[in-house]
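Geometric and topological summary
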Amino acid sequence: MSPHARRSGLTVVSNRLPFVVSKGEDGRYTHRPSSGGLITALLPVLRDRGGSWVGWHGATENIPELDTLLSDAAKESGYHLRSVDLTEEQRRGFYHGFSNEIIWPLFHDLQSLCNFDPSYWRVYCEVNRKYAEVIAQNSADSDFIWVHDYHLINVAGELRSLGVKAKTAFFLHIPFPSLDIFVKLPWRFSLLHAMLEYDVVGFQTPRDLRNFLQCVRVLIEEASVSAKGQAVRINGREIRVGSFPISIDYNGFVKHANEQEVAEKAAQLRTELPNRQLLIGVDRLDYTKGIPLRLEAFRNALLRYPELRERVTLIQVVVPSREDIPQYHELKTQIERLVGEINGQFTRPGGWVPIHYVFRPLKPTELLAYYRAAEIGLVTPLKDGMNLVAKEYCACSIEEDCGLILSEFAGAAAQLQGGALLVNPYDIEGVANAIWRAFTMHPAERRARMRRLRRSICDQDIFWWVDSFLRAAIAKDLSAFPLPADYTPRNDIGFMPY
Ligand code: GDG
């Protein structure tokens, strides 16, 4: 490298910083890094490039020692942490409001659940501007700024108006809806134009990319889409677009699932729930995850296939989430009513209970033990950007004698259709039939399917995902953003065809 060349840094931007601040029993605040595949995968790049992460610190009360906690966390993580301060009102309008009462339901095709409150948009713009200001103060023009998810769509436009010249990329973790749905959004033109302020825009699946390009073609007259659908041209600029299915740290999951503590917990579960097959569902409390319909399908299976009674147990884990949004609270009540009804209908006194319902976050070891113990993974979202639970379940199924039932509306279906039993989550009898099919499947077929699933997740893991996104984003100008010397690509696929 020539002596004057400054190595370009990577700035990752997300709604939250990748660590959690909490108050201990002694009243003192501590911090711990959040876990998750994305953080693990970005770590080597961030460390090597001397990058930074910009996001909200997550503290809702005033913490006097916040700056010290942040700088301690930064020292431990090996990259800079730049925090964005948000007032309670901004959190409400930006996070709960525009992000989670408008974009989240709309982009999951549930427009009837949207609350199109005009004040939310104003706060969304104001907060995106705040993020941009923090990024602008902490980045150089040669940096690469990678913004994550639907909370921060306006950031690139705001950066541009602040005079920032750095290259920007955006990845949408949730689905992008079809034109018919997207046009319902009162701010459809502003939001679409805001996405075109980035230099690179990535989606989870070819379906999302197709929907986005269709919206651009129809709604933005001055834009043109390249013949192969890999770029959009507007006002003399070119925006590269592609689909990149996010994944998990496959080897990390396999390693952890093999640990003795997980094995013991899984064995204990099997002893406590003997002579049956276990079905596992793990979801955040969210109406997109299709939990009530899944419970109805399970009930339908028990009614139509009496041989399943006493021979299966559904473990449904629901992780509390966004409970201060009214629909989430109602959903919890609905799930609990259904669990009560189904258990009331089928439980044998002193014996079998069809559904074990867990409403709390699980420790990683507990979660992996559930994955490892269950013979059938039941993942039936109404719509999902990807769904990592499906991939984690397969990774942890190290005995391979098990099956995955997967919604065709989860992004993961595009990749996992060869091994999973695909279902329409709205088709209660269809899902019930799939439960029966998975229950009665010959062990050789189960193994063959699970092996195929695991191989595909292993080949395209989270490291492959980061690698293919960054390589595609910087392909034209590799010298400006060289990847770490030890960062070997697993696959040179770049943009996936659509
Ligand atoms: C969004 C998109 C896309 C769940 N319960 C516990 C726990 N989890 C972890 C899982 C998994 C994660 O949460 C959930 O990820 P999903 O992908 O299933 O769903 P979203 O939260 O909706 O994520 C989605 C994703 O972004 C990534 O792009 O796939 O489509 O909606 O990793 O393991 N973790 C622990 N205890 C729990 O009880 N420790």
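Placed above this text is the structure.
What you are looking at is a predicted structure, and each value in this text was computed from that prediction instead of being measured.

Further remarks concern the sheet that holds strand 6 (residues 144-148). Strand order across the open sheet formed by nine strands is 5-4-1-6-7-8-11-10-9, with mixed pairing between neighbours. At either margin of the open sheet sits one strand with a lone partner, and together these are strand 5 (80-84) and strand 9 (224-225). When strand 1 (residues 10-16) meets strand 4 (residues 52-56), the two strands line up parallel, connected through four bridges. Each residue of the ladder has a partner; that of Arg16, found in strand 4, is Trp56. Against the sheet, helix 8 (residues 206-219) engages strand 8 (200-203), strand 9, strand 10 (231-234) and strand 11 (237-243), with an angle of about 150° to strand 11.

What follows concerns the sheet that holds strand 17 (residues 421-423). Read from one edge of the open sheet, six strands run 14-13-12-15-16-17, paired in parallel fashion. If you trace the sheet from one side to the other, it starts and ends with strand 14 (355-359) and strand 17, each paired once. Across the sheet, the mean angle separating the axes of adjacent strands is 20° when strand polarity is ignored. As paired elements, strand 13 (residues 312-319) and strand 14 share five bridges and run parallel to each other. Directly across from Ile315, in strand 14, lies its bridge partner His356.

A word on the pairing of strand 15 (residues 376-379). Burial along strand 15 is two-sided: the residues Ile376 and Leu378 and Gly377 and Val379 are all buried. Pairing analysis gives two bridges linking strand 12 (residues 277-284) to strand 15, with the strands arranged parallel. Bridge pairing in strand 15 links Ile280 to Gly377. Two elements, strand 15 and strand 16 (residues 403-407), share four bridges in a ladder whose sense is parallel. Paired with Gly377 across the bridge in strand 16 is Leu404. Between strand 15 and its parallel partner strand 16, the chain crosses via helix 14 (residues 388-396), and the hand of that crossover is right-handed.

Another point: the site of the ligand. Surrounding the ligand, one finds 19 residues, the nearest of these being His173, Leu362, Asp384, Leu388 and Glu392. In this structure, an oxygen atom belonging to the ligand sits 3.0 Å away from a main-chain N or O atom of Gly385. In the complex, the protein chains occlude 79% of the 730 Å² of accessible area that the ligand would expose alone. The set of elements that each furnish at least two residues to the shell around the ligand consists of strand 12, helix 13 (364-373) and helix 14.

Here helix 16 (residues 428-440) is 13 residues long and its end C-alpha atoms lie 19 Å apart, about the 18 Å a rise of 1.5 Å per residue gives. Inspection of helix 16 places Val431, Ala432, Ala434, Ile435, Ala438 and Phe439 among the buried residues, and these make up the whole buried set. One side of helix 16 holds all its buried residues, which, seen down the axis, span an arc of 155°.

We now examine the pattern of salt bridges. Across all of its chains, the model carries 23 salt bridges by this definition. Glu296 is the partner of Arg299 in a salt bridge, and the nearest nitrogen-oxygen pair spans 3.2 Å. On the criterion of helical spacing, the pair formed by Arg299 and Glu296 is a turn pair, its members being three residues apart in helix 11 (residues 291-304). Judged by relative accessible area, which is 13%, Arg299 ranks as buried. For Glu296, a relative accessible area of 26% corresponds to the partly exposed category. The closest approach of N and O atoms between Glu399 and Arg372, which form a salt bridge, is 2.9 Å.

Here we come to the packing of helix 10 (residues 260-272) against helix 13. Two packed helices can be described by the angle between their axes and the distance between those axes. Contact geometry for helix 10 and helix 13: axes closest at 8 Å, N-to-C directions at 55°. Accordingly, the angle class assigned to the pair helix 10 and helix 13 is oblique. Both helix 10 and helix 13 take part in a crossing whose hand is right-handed. Taking contact as the criterion, the partners of Glu261, Val262, Ala263, Lys265, Ala266, Leu269 and Arg270 in helix 10 are, on helix 13, Thr365, Glu366, Leu368, Ala369, Tyr370, Arg372 and Ala373. Split into classes, the residues belonging to the contact of helix 10 with helix 13 amount to eight nonpolar, one polar and five charged.

Turning next to the environment of Lys391. Considering the arrangement of structural elements, one finds Lys391 in helix 14. Exposure remark for Lys391: the relative accessible area of 0% places this residue in the buried category. C-alpha of Lys391 to C-alpha of Ile248: the two residues are 143 residues apart in sequence and 7.0 Å apart in space.

What counts, and where the lines are drawn
- Residues numbered from 1 in each chain as written.
- Predicted model: local features only at pLDDT ≥ 70, side-chain atom pairs only at ≥ 80, totals over all residues.
- Heavy atoms only, no water.
- Pairing = 2+ DSSP bridges.
- Helix = DSSP H or I, 4+ residues; strand = E, 2+ residues; numbered from the N terminus.
- Contact = heavy atoms within 4.5 Å.
- Axes fitted to C-alpha atoms, helices over the stretch in contact; angles between N-to-C directions.
- Buried < 20%, exposed > 50% of the residue type's maximum accessible area, 1.4 Å probe, protein only.
- Right-handed = clockwise from strand over helix to strand, strands pointing away.
- Near = heavy atom within 4 Å.
- Polar contact = N/O pair within 3.5 Å; in protein donor to acceptor, adjacent residues only side chain to side chain.
- Areas by Shrake-Rupley, 256 points an atom, 1.4 Å probe, with all protein chains shown as cover.
- Expected span 1.5 Å × (residues − 1).
- Arc of directions from axis to C-beta.
- Salt bridge = Lys/Arg side-chain N within 4 Å of Asp/Glu carboxyl O.
- Parallel < 35°, antiparallel > 145°, perpendicular 65-115°, else oblique.
- Left-handed = near helix turned anticlockwise from the far one by under 90°.
- Nonpolar A, V, L, I, M, F, W, Y, C, P; charged D, E, K, R; others polar.

That's the geometry; what it means functionally is another story.
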